[in-house]
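What follows is each chain in one-letter form.
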Amino acid sequence: MATAVLTMLLTGCAAADQEDSMTPYEAQDTLVVLFDRIQTEVGGDWENQDDPSPMSCDVRGGGDGDGDGDGDGVQFTATRMSVYPRTMDEAKAATAAVTALLTDEGYEILESGLFGEEGYDLTMTNNKGSNINFGGNDVAMGLNGGSDCRPGDFDQILDELRSQEK
């Protein structure tokens, strides 16, 4: 019994350490996978407009996930658009599905609901500086957000990306 408890504690600590040591690039990959899952859940054809450029966490208003609210760190953004025609009931169901998926991933609702008669809007955040917005109506759906904010040197990452473009 003691061995099982010790194993669970060590495994939990190892998982937390791995998450805490996540690089900005790994956080970007995690966001892209999450957006891919959302697209699959909602269905339809989506256009990927993800931005490969890094962003300082304080630009998006996110913290760096350490709880001190200073916004130091680096994150990446992603944007997906779908002009797949839907009814308002389908847009409402899609918003509920995205809410459930993000809640399972540790996000909390900041805003959610019908905005006028225009469509549905959802904004969720997690404790690692990530904010995700989803909106839908009978014309289009949109998804955008920032990855978890991770410690990193913004200028160094930008230089790395620029050198890869040459």
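Preceding block: the structure.
Now for a look at the structure at hand.

Points about the overall build of the protein chain
A count of helices and strands for the protein chain gives 5 helices and 7 strands. Traced from its N-terminal end to its C-terminal end, the protein chain shows the element sequence α-α-β-β-α-β-α-β-β-β-β-α. Looking at the protein chain residue by residue over its 166 residues, the buried ones come to 39%. For the protein chain, long-range pairs separated by at least 24 residues make up 65% of all intrachain contacts whose partners lie at least 6 apart in sequence.

Description of helix 4 (residues 88-104)
Here helix 4 contains 17 residues, and its C-alpha end-to-end distance of 24 Å stays within 8% of the 24 Å for a straight helix at 1.5 Å per residue. Where helix 4 is buried, its residues meet helix 2 (24-42), strand 4 (108-115), strand 5 (119-125), strand 6 (131-136) and strand 7 (141-146). Within two residues after helix 4, Gly 106 carries a phi angle of roughly 95°, on the positive side.

Some details on the state of the cysteines
If you walk through the whole model with that rule in mind, you get 1 disulfide. Through a disulfide, Cys 57 is tied to Cys 149; the S-S separation comes to 1.6 Å. Since a negative S-S torsion denotes a left-handed disulfide, the Cys 57-Cys 149 link at about 110° is right-handed. A residue pair is termed long-range when its members are at least 10 positions apart, and Cys 57 in helix 3 (residues 57-60) and Cys 149 in the loop between strand 7 and helix 5 (154-165) qualify at 92 residues.

A closer look at the nonpolar core
Counting 20 residues, the largest nonpolar core has Ile 38, Val 42, Leu 102, Ile 132 and Phe 134 as its most contacted members. Secondary structure elements with two or more residues in this core: helix 2, helix 4, strand 5, strand 6 and strand 7. Those residues in contact with Val 42 that lie beyond four places of it in its chain are Arg 86, Ala 94, Val 98, Phe 134 and Met 141.

Focus on the side chain of Arg 86
Mapped onto the elements, Arg 86 comes out in the loop between strand 3 (74-82) and helix 4. Notably, Arg 86 is buried but unbridged: the nearest opposite-charge side chain belongs to Glu 90, and the N-O separation is 5.4 Å. Engagement of the side chain of Arg 86 in a polar contact is seen with the backbone oxygen of Gly 43, the distance being 2.8 Å. Excluding residues that lie within four positions of it along the chain, Arg 86 makes contacts with Val 42, Gly 43, Gly 44, Asn 137, Asp 138 and Met 141.

About the thresholds
Residues numbered from 1 in each chain as written. Predicted model: local features only at pLDDT ≥ 70, side-chain atom pairs only at ≥ 80, totals over all residues. Heavy atoms only, no water. Helix = DSSP H or I, 4+ residues; strand = E, 2+ residues; numbered from the N terminus. Buried < 20%, exposed > 50% of the residue type's maximum accessible area, 1.4 Å probe, protein only. Contact = heavy atoms within 4.5 Å. Expected span 1.5 Å × (residues − 1). Disulfide = S-S within 2.5 Å. Core = buried A, V, L, I, M, F, W, Y, C linked by side-chain atoms within 4.5 Å. Lys, Arg positive; Asp, Glu negative; His and termini not counted. Salt bridge = Lys/Arg side-chain N within 4 Å of Asp/Glu carboxyl O. Polar contact = N/O pair within 3.5 Å; in protein donor to acceptor, adjacent residues only side chain to side chain.

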